[in-house]
Amino acid sequence: MKQNSIPQPQLGAASALVQLLAEYPDLPRASWSIDLGTLHGHIHDASFAELETYAQVLGGSIRPHGDFVLRGETVRPHYLHSMWRDVPVEVVVVLPVAVQTAVAA
């Protein structure tokens, strides 16, 4: 059987995820996916503190994105963009927006 000589970016991202979780087993629980070699993590039912925990380990920057309504509540996603072992990483947490902030936005 002929082996595929095309590099698999998913393999590098998957290996990086295994290394990250093995080295930092106390990181907050997240759902992970890999898209074109980028790790995407989603922290569920969490606060901003959990995202900051990832930022302390990974570095990078946290940026808010546009508000939207989810189940009748205005929420705002916050994204951490970083690199881990030469693999791009994006971790997101979606948080409720305070009423006065939502009105101003």
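Enquirer: I would appreciate a short explanation of the overall build of the chain in the present structure.
Expert: Per the secondary structure count, the chain includes three helices and six strands. Ordered by position from the N terminus, the helices and strands of the chain form the series α-β-β-α-β-β-β-β-α. Buried residues in the chain amount to 28% of all 105 residues. Long-range contacts, defined here as pairs at least 24 residues apart, represent 44% of the contacts in the chain between residues at least 6 apart. As displayed, the chain has an accessible area near 7000 Å², and 54% of this comes from carbon and sulfur atoms.

Enquirer: What's the story with the packing of aromatic side chains in this structure? I'm lost.
Expert: Ring pairs (aromatic) are described by centroid distance and by the angle formed between their planes. The tally for this structure, following the rule as stated, stands at two aromatic pairs. Look at Tyr-24 and Trp-84: their rings are 6.1 Å apart centre to centre, the planes differ by 75°, and that puts the pair in the edge-to-face class. Residue Tyr-24 is found in the loop between helix 1 (9-23) and strand 1 (31-35), and its partner Trp-84 is found in strand 5 (residues 73-84); the two are separated by 60 residues along the sequence. Residue classification places Trp-84 among the buried positions, given a relative accessible area of 9%.

Enquirer: Even after reading the chapter, I still don't get the side chain of Arg-76, so can you show me in this structure?
Expert: The topology assignment puts Arg-76 in strand 5. Polar contacts involving the side chain of Arg-76 include one to the side chain of Asp-67, which spans 2.6 Å.

The rules behind each value
- Residues numbered from 1 in each chain as written.
- Predicted model: local features only at pLDDT ≥ 70, side-chain atom pairs only at ≥ 80, totals over all residues.
- Heavy atoms only, no water.
- Helix = DSSP H or I, 4+ residues; strand = E, 2+ residues; numbered from the N terminus.
- Buried < 20%, exposed > 50% of the residue type's maximum accessible area, 1.4 Å probe, protein only.
- Contact = heavy atoms within 4.5 Å.
- Areas by Shrake-Rupley, 256 points an atom, 1.4 Å probe, with all protein chains shown as cover.
- Phe/Tyr/Trp six-rings, centres within 6.5 Å; stacked < 30°, edge-to-face > 60°.
- Polar contact = N/O pair within 3.5 Å; in protein donor to acceptor, adjacent residues only side chain to side chain.

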